Amino acid sequence: MNARTLLTRHAVATVGITLTFFLGVSFAAATFSIRRQAGLGEDTRLQTASRMLAERYLACPHSGAASSDAVSGAPAGTRLSILDTQGMTIADSDFVATTIARRSADGAVRTAAESGTGIATTYRMESGQRERIACVAVRASGTVVAYTLAGSPVKMIWNIASETVRRL
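Overview of the structure.

Thresholds, definitions, all that
- Residues numbered from 1 in each chain as written.
- Predicted model: local features only at pLDDT ≥ 70, side-chain atom pairs only at ≥ 80, totals over all residues.
- Heavy atoms only, no water.
- Helix = DSSP H or I, 4+ residues; strand = E, 2+ residues; numbered from the N terminus.
- Buried < 20%, exposed > 50% of the residue type's maximum accessible area, 1.4 Å probe, protein only.
- Contact = heavy atoms within 4.5 Å.
- Areas by Shrake-Rupley, 256 points an atom, 1.4 Å probe, with all protein chains shown as cover.
- Pairing = 2+ DSSP bridges.
- Axes fitted to C-alpha atoms, helices over the stretch in contact; angles between N-to-C directions.
- Core = buried A, V, L, I, M, F, W, Y, C linked by side-chain atoms within 4.5 Å.

Within the chain, the regular secondary structure consists of four helices and five strands. For the chain, the sequential pattern of α-helices and β-strands runs α-α-β-β-α-β-β-β-α. Counting across all 168 residues of the chain, residues that qualify as buried make up 34%. In the chain, once contacts between residues fewer than 6 apart in sequence are set aside, the share between residues at least 24 apart is 47%. With an accessible surface of roughly 10000 Å², the chain has 61% of that area assigned to carbon and sulfur atoms.

Let us look at the pairing of strand β3 (residues 117-124). Side chains G118, A120, T122 and R124 of β3 all project onto a buried face; the interleaved residues T117, I119, T121 and Y123 project onto a face where none is buried. As paired elements, β3 and strand β4 (residues 129-140) share eight bridges and run antiparallel to each other. Within β4, the residue paired with R124 across the bridge is Q129. In textbook terms, the turn of a hairpin is the stretch between consecutive antiparallel strands, and for β3 and β4 this stretch comprises four residues, one of which, G128, has a positive phi near 70°.

On to the sheet that holds strand β5 (residues 143-153). The strand order β2-β1-β5-β4-β3 describes an open sheet built from five strands, whose pairing is antiparallel. The open sheet has two free edges, formed respectively by β2 (89-92) and β3, since each of these has just one partner strand. For this sheet, the mean inter-axis angle between neighbouring strands, taken without regard to orientation, is 25°. Each of β1 (79-83), β3, β4 and β5 is contacted by helix α3 (residues 107-115), which is oriented at about 160° to β3, the strand it contacts most.

Bringing the nonpolar core into the picture now. Residues L53, V71, L80 and I82 are the most contacted members of the largest nonpolar core, which totals 15 residues. The set of elements that each furnish at least two residues to this core consists of α1 (3-63), α2 (67-71), β1, β4 and β5. For this core, the element with the most residues is α1, which contributes six residues. For V71, the contacting residues outside a window of four places in its chain are L53, L80, S81, I82, A91, D92 and S93. Residues L83, A112, A137 and Y147 belong to the second largest nonpolar core, which totals ten residues.

Honestly, it's all geometry; don't read function into it.
Here it is in structure tokens:
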């Protein structure tokens, strides 16, 4: 083999390796971006569900409905909860309220207590999984009377992102 052939093969190999690296980095960046967008979309969905739950909860006394009626009919993959101001569960769409530990230490609840809304990821003992949670402080006459939470399994964000990547 002459020097020219070796140089051509080396150049082709270098271009191939560079292209493979570039495509790999591009794919990783696209996947990260899609996962981030899926996470933002899921956060928005959970915040909306929590706000709607707050409205339903405030309407319960006027309609004669129980607090547990407000969490019924939760969308698939969404867990709805209502907490009192001490962090004890009043109603939950997936579990019996009395079996759930106090949640006042959850990041989303603490943030909502300070600023009105909060989003956090936490491990829930009763479900045995990590959940992404949006929490809203429910106010009546300017006073916090409860907290509403909407949550979904953390794996749901990865499911949304992987489905998008698969379709691409």
